[in-house]
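The chain contents come next:
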Amino acid sequence: MGKNNSNNEKELFWADQLAEKIINRKKFHYIDKKIPKIDVFTIKTSASLSGVLHIGRLSDTIRGETVYRALKDIKAKAKLIWVAEDMDPLRKIPKNVSKGFEKYIGMAVTDIPDPDGNYKSYADKYKAEYFEVLDKFVAAKMEKFSMREEYKKGKFNKYIKKILEKADEIREIQNKYRTNKLGRGFIPWKPVCDNCGKIATTQVKEFSNGIVKYHCKDYDFEAATATGCNHKGENDPLKDNGKLLWKSEWAAQWAHWKIACEGAGKEYQVPNSAFWVNAEIAEKILDFPMPEPIFYEHLMIDGEKMSASLGNVIYPKDWLEVAPPELLKFFYNKRIMKTRSFSWENLPKLYDDYDLHANVYLEKVKLDNKKEEQHMKRLFEISNGKEAHPADITFAHAAMVVQIGPGDEDVVRSLEKTGHYDKKMHDIIFKRINKAKVWLEKYAPEDVKFTVQEEIPKGLKLSSKEKEALHLVVKALKEKEWKQKKLFEEFYNICQKVGIKNTDFFRAAYNVLLSKDRGPKLSPFILALGREKVVELFEKV
């Protein structure tokens, strides 16, 4: 495909469907009004800097970029922006940060010092670390913004003014969905305490003549308490430090940056979620058409939620040690509303799936189901880019050959024996080899790891039929050069000839070669190991 994208194909893929929906929208969702002509379709992605940066946090940006690319592919003018939600309060102390930092819980992350003293603030440290990896996963040039900076520059003032003027209408919009109703005098503004500098602890008591009166009191987060200082103060939202509450701020962001589309977790699909409340506020209060949502499932690790306390967090740098960024994009783009559970031990299967899509894209593999074929081509192209040069070696095979011989020359020799080596593809092959090495060291299950035996394992007992079968393998290997498939078929011929169960034959072979009951697929393994070594060991049984 690559060369001849069909419209059919694009109709199938979720991001292409969404891109068409974005450019063809005619009316507001909540009010009977036409959407004015849009010159540039802006996709927003963002991150709160108050939590751990794991690969789950990349999903929003990866999917945002996918829609951005789908828009560009239909020649629509589009841009991708990233916003740091850096006015959010610190909710708990991350691991490896001293307990002394508890005094900052409840303070906006931009106002907290960097624990290591290398950056101006805690937020700057996490932003720097975030972009170090984010830019490896996102190819598009993103404009990057900070909510703290936007508030400081007064960029949100016109929205703050309108939202505070219409606070009663916003309260009514929210109360439609709330069992615990907001009372009269509700103000969607959160001042920063001018005594202790915390934002989570301020409770608004009154709003009149453009001034908010507040009281700074303790606030309980899920895992920690932000201690208030009991200060009673005043705050001018158009001049002083603070932020809009999220169920208003999100709408203001959309209107400010003219957002056409933004991602959100699938929990936001429900009618009373912050997404739809903000959508209604955007249209009815700020006269801006709500963006098209990208709703998606969150990532699970081994069937459990990713969390630092469970110790199952995968950081982007961990991912890049064992897999390219394209593989994560592929994983996230595949089925966005299906629960995705990732497991390190299944990484070889994910590589296999990616390789299959690559070969369909390059038309090395044809499918009978043409719709599925088109979908696979598009998924690969939008996750990988148009230049595809996948390694002609599976990840499992890469993990096998690095255990046969430690040096690069051993690996090349082994790959040559199985016909997997191409000098022109050396760098691409070794990228995968090196990632397989790290995976073996850090994440591979024990049954994948092995050590080739130098001698027959001590105390090994084989039946006469098992010995006879292994001697027939020796005879076959000495007779001619074998291809993987033919050698595999020969094993079954030998089993029939000797009258031995296939399972017993394979177990006997692995017992001799690896001192284990199981191992990598036997025919490619024997070819990669080299017949001399196999003959030497099998002859001794």
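Residues numbered from 1 in each chain as written. Predicted model: local features only at pLDDT ≥ 70, side-chain atom pairs only at ≥ 80, totals over all residues. Heavy atoms only, no water.

Participant: When you look at the overall build of the protein in this model, what are you seeing that I'm missing?
Facilitator: Looking only at helices and strands, the protein features 21 helices and 15 strands. Here the protein, with 541 residues, has 54% of them falling under the buried criterion. Long-range pairs, those at least 24 residues apart, make up 69% of the contacts in the protein with a sequence separation of at least 6. Taken as a whole, the protein presents about 26,500 Å² of accessible surface, with 49% of it coming from carbon and sulfur. Computed over 97 positive and 81 negative side-chain charges, the inter-centroid distance for the protein is 2 Å. (Helix = DSSP H or I, 4+ residues; strand = E, 2+ residues; numbered from the N terminus. Buried < 20%, exposed > 50% of the residue type's maximum accessible area, 1.4 Å probe, protein only. Contact = heavy atoms within 4.5 Å. Areas by Shrake-Rupley, 256 points an atom, 1.4 Å probe, with all protein chains shown as cover. Lys, Arg positive; Asp, Glu negative; His and termini not counted. Charge placed at Lys NZ, Arg CZ, Asp CG, Glu CD.)

Participant: Hey, could you run me through helix H18 (residues 484–498) in this one?
Facilitator: Spacing of three or four residues puts side chains on the same side of an α-helix, whose turn is 3.6 residues. For H18, which comprises 15 residues, the first-to-last C-alpha distance of 21 Å matches the rise-based estimate of 21 Å (1.5 Å per residue) to within 8%. All buried positions along H18 are accounted for by Leu487, Phe491, Ile494, Cys495 and Val498. Projected down its long axis, H18 carries its buried residues within an arc of 100°, all on one side. For H18, the exposed residues set more than 90 degrees away from the buried face come down to Lys485, Lys486, Gln496 and Lys497. Two residues or fewer after H18 comes Gly499, characterised by a positive phi angle close to 80°. (Expected span 1.5 Å × (residues − 1). Arc of directions from axis to C-beta.)

Participant: Which parts of the structure should I look at to understand the layout of surface pockets?
Facilitator: Using a probe with the size of a water molecule, rolled over the atoms, empty space left in the structure can be pinpointed. Space inside the second largest pocket adds up to approximately 980 Å³. Along its surface, the second largest pocket is lined by 30 residues, and Asp352, Thr394, Ala396, His397 and Lys521 are the ones closest to its centre. Elements represented by at least two residues in the lining of the second largest pocket include exactly helix H12 (347–361) and helix H14 (395–404). When its residues are assigned to classes, the lining of the second largest pocket shows 13 nonpolar, eight polar and nine charged. (1 Å grid on protein atoms, 1.4 Å probe; cavity = no way out; pocket = protein on both sides within 12 Å on 5 of 7 lines; lining within 4 Å. Points joined across faces, edges and corners; volume = space filled by probe spheres on them. Nonpolar A, V, L, I, M, F, W, Y, C, P; charged D, E, K, R; others polar.)

Participant: I tried to follow unusual backbone geometry on my own but got confused; where do I start?
Facilitator: Peptide bonds are trans in most cases, and residues, glycine excluded, mostly fall at negative phi. The backbone of Asn230 shows a phi angle near 70°, a positive value even though the residue is not glycine. Relative to the elements of secondary structure, Asn230 occurs in the loop between strand E8 (225–226) and strand E9 (232–235). Given a relative accessible area of 53%, Asn230 falls into the exposed group. In the Ramachandran plot, Asp302 falls in the positive-phi region, its phi being about 50° despite a non-glycine side chain.

Participant: Even after reading the chapter, I still don't get the nonpolar core, so can you show me in this structure?
Facilitator: Across soluble globular proteins, nonpolar side chains have a tendency to be buried as a group. One finds Val67, Trp319, Phe342, Leu347, Phe505, Leu513 and Leu522 to be the most contacted residues of the largest nonpolar core, which totals 127 residues. Beyond its immediate chain neighbours, meaning those up to four positions away, Phe342 contacts Leu299, Met300, Ile301, Asp302, Ile314, Trp319, Phe331, Leu347 and Leu350. Counting residues in each nonpolar core, the second largest holds 42 residues, with Phe156, Ile160, Leu164 and Trp189 among its members. (Core = buried A, V, L, I, M, F, W, Y, C linked by side-chain atoms within 4.5 Å.)

Participant: Quick question: what am I supposed to make of the environment of Leu522 here?
Facilitator: Structurally, Leu522 can be placed in helix H20 (residues 522–529). Spatially, the C-alpha atoms of Leu522 and Phe506 are 7.6 Å apart, while their sequence positions differ by 16 residues. With near-sequence residues (within four places) excluded, Leu522 lies in contact with Phe491, Phe505, Phe506, Ala509, Tyr510 and Leu513.

Participant: Which parts of the structure should I look at to understand the pattern of salt bridges?
Facilitator: Think of it this way: side chains of opposite charge can pair up when their charged atoms draw near. Per the counting criterion, the structure on display carries 42 salt bridges. Its salt-bridge partner being Lys99, residue Glu102 comes within 2.9 Å of it at the nearest N-O pair. For Glu102, a relative accessible area of 39% puts it in the partly exposed group. Judged by its relative accessible area of 64%, Lys99 falls in the exposed class. For the salt bridge of Asp318 with Lys317, the shortest nitrogen-to-oxygen distance reads 3.8 Å. Assessed through its relative accessible area of 14%, Asp318 is described here as buried. Beyond isolated ion pairs, a larger network of salt bridges with shared partners links Asp16, Asp73, Arg378 and Glu381. (Salt bridge = Lys/Arg side-chain N within 4 Å of Asp/Glu carboxyl O.)

Distances and angles like these do not, on their own, reveal function.
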